Amino acid sequence: MSRLRKGVSTGLAAGTFLTLAACSGGGSSSVPGVGGIPGVSEGPGAHDVGLILPLTGRNASYGTRMRDAAKLALSAKGSPALDVHDTNGPGGTEQAVRDALARGDAILLGPLTATETAAAAPLAINAGKPELAFTSDSTQARPGVWVMGLTPEQQVRRMVDAARATGRKTFAAFLPDNAFGHAMGDGLARACRDAGLKDPQIVFHTMDAQNIDDGLKALSAIETRQPAAPVVAETPSGPSAIDPTGEATSDAAAPAGTPSPATTPAAQPTPIAPPPFDALVLADTGLELGRVITALQTDHIDSSQVQIMGPALWKAFDGKLGALHGAWYAAPDAHDRLGYVAQYRALYKQAPSPVSDFAYDAAALAGSLIRQGGVTVDALTRPDGYMGVDGLFRLRPDGHVTRSLAIYQIQRGGGARIVVPASRDVAIRPS
């Protein structure tokens, strides 16, 4: 694992800042900065790292924070310059990429969305320049274009591996019928196939409450799991061989040995059989998640029999998910980014958005490679990977990125704690 972060202490204690940009010396001297940040220049020449982001328009709040994160990553003396282009400027994404290529940038960072990435990728590939895109749409990955965002497949694959380690073998998914739900489903199918497991049963649902109820009933096979209603023996009414007159009204009229109603043992409830899977992937948020939780309870699906798993999006509101206690989601270890957050806040007087982490890591990686001799596919895809602010990541030759994610478990009172730490394959070493 290449050392992108140079620690100022041996641990990852809260408040410790590890700067990716300081992993090695050498390279060109620092160019005059803007806004008090060295290593960033708006003038012509010596622009090594191209940054393609929305700096105006509806995604400008994301773009500007990502730009600031990239500046921070390249703020050390000797870092390459940052060449910034707005995807919402005249000519849009394509013109922004052309401008960056015309200025001789060694690598392109961005753009933000899948649509913008689809427009930028052919230009970067034709120019022979690597691109680290910030989209989380894994379908945009290809040789030469890496998807740096946290993808549904990364999350699902991590949870499948962890669930298998606890003995889970039969996976299913109940997902919203939208792009994100289908991406989670595709990721689950690939993860199960790669692990040699049987194909998961995947059901998609609409936003309609009845469709959610019906879909989960079918997936969970609740009607076949319900025990048959017990047969209750009723006291005969009217004339009988025991009571020819049909007038017996007390226990005294019953023959010896007949148990009285007060002493008849109460029927014990028959346990409901588990569903036909032992791990279930969800992807809903908001009102639809509330409806899914109600349906799970109705169909007797809980963590005592099934490992419920969800998206990293749950991290933003896991304090409200006590009803899903025992469920998992996979996400970066928040502890890893504390130093970065402190540095960002000190410089920019606000907290970084999570997506800015990808811009920081991409810029730090680009700066490190340029200082060490240049950006090449072999260097980008080194097998041991890199340690970023969100943990270990590796760029694969096919454009996909693998990430070491922690497994969080929802607690009974809400909130979550890490139950499976993120992997750190190689001990952190100063360069």
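Structure shown above.
Let me sum up the structure you'll find in this document. (Residues numbered from 1 in each chain as written. Predicted model: local features only at pLDDT ≥ 70, side-chain atom pairs only at ≥ 80, totals over all residues. Heavy atoms only, no water.)

So, about the overall build of the protein chain. Along the protein chain, the regular secondary structure elements total 11 helices and 15 strands. Looking at the protein chain as a whole, 48% of its 431 residues are labelled buried. Counting every atom, the protein chain has about 19,700 Å² of accessible surface; 55% of that belongs to carbon and sulfur. (Helix = DSSP H or I, 4+ residues; strand = E, 2+ residues; numbered from the N terminus. Buried < 20%, exposed > 50% of the residue type's maximum accessible area, 1.4 Å probe, protein only. Areas by Shrake-Rupley, 256 points an atom, 1.4 Å probe, with all protein chains shown as cover.)

Bringing the pattern of salt bridges into the picture now. As enumerated under the stated definition, the model contains 11 salt bridges in all. A salt bridge links Asp-83 to Arg-103, with the nearest nitrogen and oxygen atoms 3.2 Å apart. One end of the pair, Asp-83, is in strand S2 (residues 81-86); the other, Arg-103, is in the loop between helix H2 (92-102) and strand S3 (107-109), and 20 residues separate them in sequence. Arg-337 is the partner of Asp-357 in a salt bridge, and the nearest nitrogen-oxygen pair spans 2.8 Å. Note that Asp-357 is positioned in helix H10 (residues 356-371) and Arg-337 in the loop between strand S10 (328-331) and helix H9 (338-348), a separation of 20 residues in sequence. As far as burial versus exposure is concerned, Asp-357 and Arg-337 are alike and both buried. (Salt bridge = Lys/Arg side-chain N within 4 Å of Asp/Glu carboxyl O.)

Looking now at the side chain of Gln-154. Mapped onto the secondary structure, Gln-154 falls in helix H4 (residues 152-165). The class for Gln-154 is buried, based on a relative accessible area of 9%. Of note is the side chain of Gln-154, whose polar atom sits 3.0 Å from the backbone nitrogen of Thr-151. A distance of 2.5 Å separates the side chain of Gln-154 from the backbone oxygen of Val-401, its partner in a polar contact. Not counting residues within four places of it along the chain, the set of residues in contact with Gln-154 comprises Gly-149, Val-401, Thr-402, Arg-403 and Leu-405. (Polar contact = N/O pair within 3.5 Å; in protein donor to acceptor, adjacent residues only side chain to side chain. Contact = heavy atoms within 4.5 Å.)

With that settled, the discussion passes to the sheet that holds strand S6 (residues 171-176). Sheet architecture is open: 7 strands sit in the order S7-S6-S8-S9-S10-S14-S15, paired in mixed fashion. Looking at the sheet topology across the chains shown, the edges are occupied by strand S7 (201-205) and strand S15 (416-420). Between one strand and the next, the sheet's axes are offset by a mean angle of 30°, whatever the strand orientation. Bridge analysis of strand S9 (residues 307-310) against S10 gives 2 bridges, and the strand direction is parallel. Among the inter-strand pairings, Gly-310 is bridged to a residue of S10, identified as Tyr-329. Its contacts with the sheet put H4 on S6, S9, S10, strand S14 (406-410) and S15, and the angle it makes with S10 is roughly 125°. Against the sheet, helix H5 (residues 179-194) makes contact with S6, S7, strand S8 (279-282) and S9, and its axis sits at roughly 165° relative to S6, the strand it touches most. (Pairing = 2+ DSSP bridges. Axes fitted to C-alpha atoms, helices over the stretch in contact; angles between N-to-C directions.)

What follows covers the packing of aromatic side chains. Within the structure shown, the criterion is met by 5 aromatic pairs. An angle of 10° between the planes, with centres 5.0 Å apart, marks the rings of Tyr-329 and Tyr-408 as stacked. Placement of the pair is Tyr-329 in strand S10 and Tyr-408 in strand S14, with a sequence separation of 79 residues. Between Tyr-386 and Phe-393 the ring centres are 6.1 Å apart and the planes differ by 35°, which places this aromatic pair in the tilted class. Members of the aromatic cluster, connected to one another through ring pairs, are Tyr-340, Tyr-344, Tyr-348 and Tyr-360. (Phe/Tyr/Trp six-rings, centres within 6.5 Å; stacked < 30°, edge-to-face > 60°.)

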